[in-house]
Each structure stands twice: as structure tokens, then as C-alpha cells.
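# An overview of the molecular structure
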Amino acid sequence: MSAAYDLLVTDARLADGSPVALGIRDGRYAHVGATAPEGARAARTIDAGGGLVTESFVNGHMHLEKVHTLDRAGDGALAAYTSGNMGAALRSIVREASQVKRQYDRDWLEPNIRRALDAAVAHGVLHIQAFVDVDTTARLVGMEAVLAVREEYRDLLDLQVVAFPQDGLLRDPGAAELCEEALRMGADVVGGIPWIEMTDAEAQAHVSWACRLAAEQGRRVAMLVDDAGDPGLRTTQMLAESMLEHGLEGRGVACHARALATYPQPTLQRLMDLSQAAGLGFVSDPHTGPLHLPVREFLEDGIPVALGQDDIEDAYYPFGRHSMLEVAFLAAHTLRFLTGADQRLLLDMITTRAADVLGVPDHAIGEGNPANLCIHPDGRLRDVLTEHARPRWVIREGRVVAESETTTRLQR
Ligand SMILES: [Zn+2]
């Protein structure tokens, strides 16, 4: 009997240029080969027309409840944050963000979150690590909104929700208890932002609290670390050490970590070795700030690095449409990742390597793995990055969840 599939994708290309046909059954790849098996039948067949097929995209770091709040925060917040003066930026974050957070209301938060998730699905982003502020100003309102919307979107994408004490733990007494409550409500990951505490001892206490809680509850940790151009910041190291101490190898993510760009080489090398030992993954968002993690060195050392959208139209970044291809395109310029080999690395950092960072298993296109993929209008990776257009088809566990079409007719 000939092979029968739920969905068959024919005439597609892989990133290395080789032809591929995909047979999908029960949400997983049942056939990955240069051509479809002889006489294959399928409930639905998509002729990719020579288009590139990639894994679906992974957004390693996203402030999800803050999306589309720039008009509430005002341009002044953005001006202060991007002024280059990290001291002023920090104070502006506390002031402007608190002013917006005091207004948090599910009535306006949820439509904003839906808009950002609709954009994600349309752009083929099916896994997101979403940070949600949980502190004594936001309390649990943003978390309630994100968890409610996550439920609405459960058939479309996977949200890893991080209970994130944006204002610190020791700086903001009460935040730890609220984060623990957020985990009971349904948040997945223990968050942290140790570098904003007032002393190294307090930063250490912040990291230890998060890692101990994650270990006790069998969860992952994800933190914003060392997010300023200060070579004295050491909270990435604290996170890696604490993961080792609490048996959290391979279950931690460090976001931003921009201070590492200012470290002397021996210090950076020791930290890379320690990160390897701890199985610490990194997320960089080089389009949202002038300084960035030394991504190339980390990749060359074999440390998993993902890219993140970070922000969409908030006090930190005025643009963003939840397109990881757009983020990769911008990263190509900020990181100078321009050669063909570099383009493949960019693709990895928004697909398979990003999945490794987030602990998402079996994300690669391969028989037996979940069929989460995008079929692009162009056949070459270079063109797909140049255009950073919406995929023609987005497929989640074998089901088409978005179809896009763009046509232009020149008038002569
Ligand atoms: Zn961030």
C-alpha cells in the first residue's frame, strides 16, 4: 500500500539548497526526503513552488505584556532609555514603567497581547519565552492577562511564561511572594533581574532565591543579566554558578548580558567555560541596543545563543512586528553576520539553536519530530532574509495555522 499522509509538502528547498518533500502524519514528520514516496497520497498537498522550508521560528525573549504601550509611556521614556546614559536609563525605566504599570488593566492589556500573538503566528513564530512583570506595582494583573490569552492561543503557539520581578527582589519587598503566586497561577519559568540590585551580595541573594525555587519545583530559570556597559557586572557568572549548585544544568537562560562585550578576554573565556559547564543558554537582541553579547565568540565556543524580539512598540523600542526574520536581518547588520555561513547561523539562532536555549526538544526538520515549519515565498535563504516577508504557509503540528499572500503588479 502506498504511503498516506495528512499533509504532503512537495517541491521545497532546505537552507543548503537541496530539494525536499515532507510527509506529515499525526502532527509529525513521517517522511523527509528529496522526493515524495512513489504513489504517496495525502489529505492535503502543498506545492511549495521551490520555496525554502525552515523550522518554525522561536522568539527567545519577549516582554509580552508591555507590547504597544509606547503611547502610554510617552516618547520621553524612549528618549531617556536610548540616551546612552545607563544611569538615566535605569531611573527612567523605574519612573515611566511604573507610571504605565499603575494603569495595568486586563481590558486594554489583552487586546495588545492578542495583537502581538497574531503577528507572531502570521510570521511563523510558534515558540515564545514571554517575560511578564510581576512586582508590587504591576502586581499580578499583567500575568493574569497573559495567562488568559495563552489559553485562547493554545492551539496556535507555545508560550513559556516567565514570572519576572522587573523591579528587583531586594529593591522591591513583596515581589518574591508575588512571583511564587504567579507560578501557582500557571507561569512556567522563574525569572530574575539580579544586576539591578544595589550590591553584589543582594544580586547573589536574588539569583540564589530563583535557582532554589526552580530546583524545588522542577522548573527552568530565565534572567536579565548584566544589561549595561559596565565590566564590573558579574551576575551572569552568579547565575551559572548557582545553576551548578542547585542541579539546574541545561535549564537556565541568560538574556541581554551586554556587559560581557566589555570584559577583558581572559575574564570572558572563564565565563564561557563556566557557562558550558552549567549548560547556560543565551539570548541576544542586538537590534534593541547599541551594545551586545559577543555572539560570534559564544557560537564558536559551542554555547547555544538565540535571538529575541525583546520589545514591540514600548518604552524601550518603538518598532517590532514579531518577525524573527526581521530580527535576524537586523542582527546581520549589528553583528556583521553577512556571509552565507553567517546567514545559516542567523537562521539557526531563530530556529534550532533557539529551541535548544529554551529547552524545546526535537525542533529540527527530521522524521519523528513535531512538524512545526514555515514554507517561504523565496527559495534561497539570502532572499528570504532580504525580504523578511511573512511565510507563505505556517504549519504547527501538521496543521496550517497561517497562510499569507503578497502580490504586486507594476503598471507600465
Ligand atoms: Zn529584555
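Computed from a predicted structure; not experimentally measured.

## A short note on the sheet that holds strand β4 (residues 41–47)
One open sheet accounts for four strands, arranged β3-β2-β1-β4; its pairing is mixed. Only two strands of the sheet have a single neighbouring strand rather than two, namely β3 (28–33) and β4. The mean inter-strand angle of the sheet, taken between neighbouring strand axes irrespective of direction, is 20°.

## Here's the deal with helix α8 (residues 235–245)
Those residues of α8 that fall on the buried side of the exposure criterion are Thr-235, Thr-236, Met-238, Leu-239, Ala-240, Ser-242 and Met-243. Those residues of α8 hidden inside the fold are in contact with α7 (200–217), β10 (221–225), β11 (252–256), α9 (265–278) and β12 (280–284). Directly after α8, the chain includes Gly-247, whose backbone phi takes a positive value near 70°.

## Side note on helix α11 (residues 324–334)
In an α-helix, one full turn covers 3.6 residues, which means residues spaced three or four apart are oriented alike. Turning to α11, its buried residues number three or more, namely Met-324, Leu-325, Glu-326, Val-327, Ala-328, Ala-331 and Ala-332. Buried residues in α11 make contact with β6 (57–63), β7 (125–133), β13 (305–307), α12 (340–349) and α14 (381–387). Immediately beyond the C-terminal end of α11, within one or two residues, lies Arg-336, with a positive phi of roughly 60°.

## Remarks on the sheet that holds strand β14 (residues 373–375)
The four strands are arranged β5-β14-β15-β16 in an open sheet whose pairing can be described as antiparallel. Of all the strands in the sheet, the pair left with one neighbour each is β5 (53–55) and β16 (399–403). Pairwise comparison of adjacent strand axes, ignoring direction, gives a mean angle of 25° for this sheet. As defined by bridge partners, β5 adjoins β14 across three bridges and the pair is classed as antiparallel. Bridge pairing links Glu-55 to Leu-373 in β14.

## Things to note about the coordination of the zinc ion
Reference values for angles at a metal are 109.5 degrees in the four-donor tetrahedral case and 90 or 180 degrees in the six-donor octahedral case. Protein-derived ligands of the zinc ion are His-61 (NE2), His-63 (NE2), His-256 (NE2) and Asp-310 (OD), with the metal-ligand distances lying across 2.1 to 2.3 Å. Taken together, the four donor atoms coordinating the zinc ion and their angles of 88 to 155° define a geometry best described as irregular. Sequence spacing of the donor residues for the zinc ion, all on one chain, is H-x1-H-x192-H-x53-D. Of the two residues, His-61 sits in strand β6 while His-256 sits in strand β11, which places them 195 residues apart along the sequence. In terms of burial, His-61 and His-256 fall into one category: buried.

## Focus: the domain arrangement of the protein
Taken domain by domain, the protein comprises domain 1 (4–55 + 364–403) and domain 2 (57–358). The distance between the C-alpha centroids of domain 1 and domain 2 comes to 31 Å. Each partner contributes to the interface: domain 1 provides 23 residues, whereas domain 2 provides 23 residues. Here domain 1 packs against domain 2, burying approximately 1,900 Å² in sum over the two surfaces, 68% of which is carbon and sulfur. It is Leu-385, His-388 and Arg-396 in domain 1 that bury the most area against domain 2; as a group they hold 35% of the surface buried on that side. Linking domain 1 to domain 2 there are one salt bridge. Linking domain 1 with domain 2 are six residue pairs in polar contact (both at pLDDT 80 or more), by the criterion used here. The dominant element in the side of domain 1 that touches domain 2, judged by the number of residues it contributes, is α14, at five residues. Looking at the side of domain 1 that touches domain 2 residue by residue, the class counts come to 12 nonpolar, five polar and six charged.

## Notes on the packing of α7 against α8
To characterise two packed helices, one gives the angle between the axes of the helices and the distance between these axes. Relative orientation of the contacting elements α7 and α8 amounts to 40°, with a least axis distance of 9 Å. Relative to α8, the crossing made by α7 is right-handed. When α7 is examined against α8, the residues Asp-200, Ala-203, Gln-204, Val-207, Ser-208 and Cys-211 are found in contact with a partner set consisting of Thr-235, Met-238, Leu-239, Ser-242 and Met-243. Broken down by class, the residue content of the contact of α7 with α8 amounts to six nonpolar, four polar and one charged.

Rules of the game
- Residues numbered from 1 in each chain as written.
- Predicted model: local features only at pLDDT ≥ 70, side-chain atom pairs only at ≥ 80, totals over all residues.
- Heavy atoms only, no water.
- Pairing = 2+ DSSP bridges.
- Helix = DSSP H or I, 4+ residues; strand = E, 2+ residues; numbered from the N terminus.
- Axes fitted to C-alpha atoms, helices over the stretch in contact; angles between N-to-C directions.
- Buried < 20%, exposed > 50% of the residue type's maximum accessible area, 1.4 Å probe, protein only.
- Contact = heavy atoms within 4.5 Å.
- Donors = N, O, S within 2.8 Å, 3.2 Å for Na, K, Ca; no water.
- Tetrahedral: all angles 85-135°; square planar, octahedral: opposite > 155°, others 65-115°.
- Domains from an automatic or database assignment.
- Buried area = accessible area lost by both parts, 1.4 Å probe.
- Salt bridge = Lys/Arg side-chain N within 4 Å of Asp/Glu carboxyl O.
- Polar contact = N/O pair within 3.5 Å; in protein donor to acceptor, adjacent residues only side chain to side chain.
- Nonpolar A, V, L, I, M, F, W, Y, C, P; charged D, E, K, R; others polar.
- Left-handed = near helix turned anticlockwise from the far one by under 90°.

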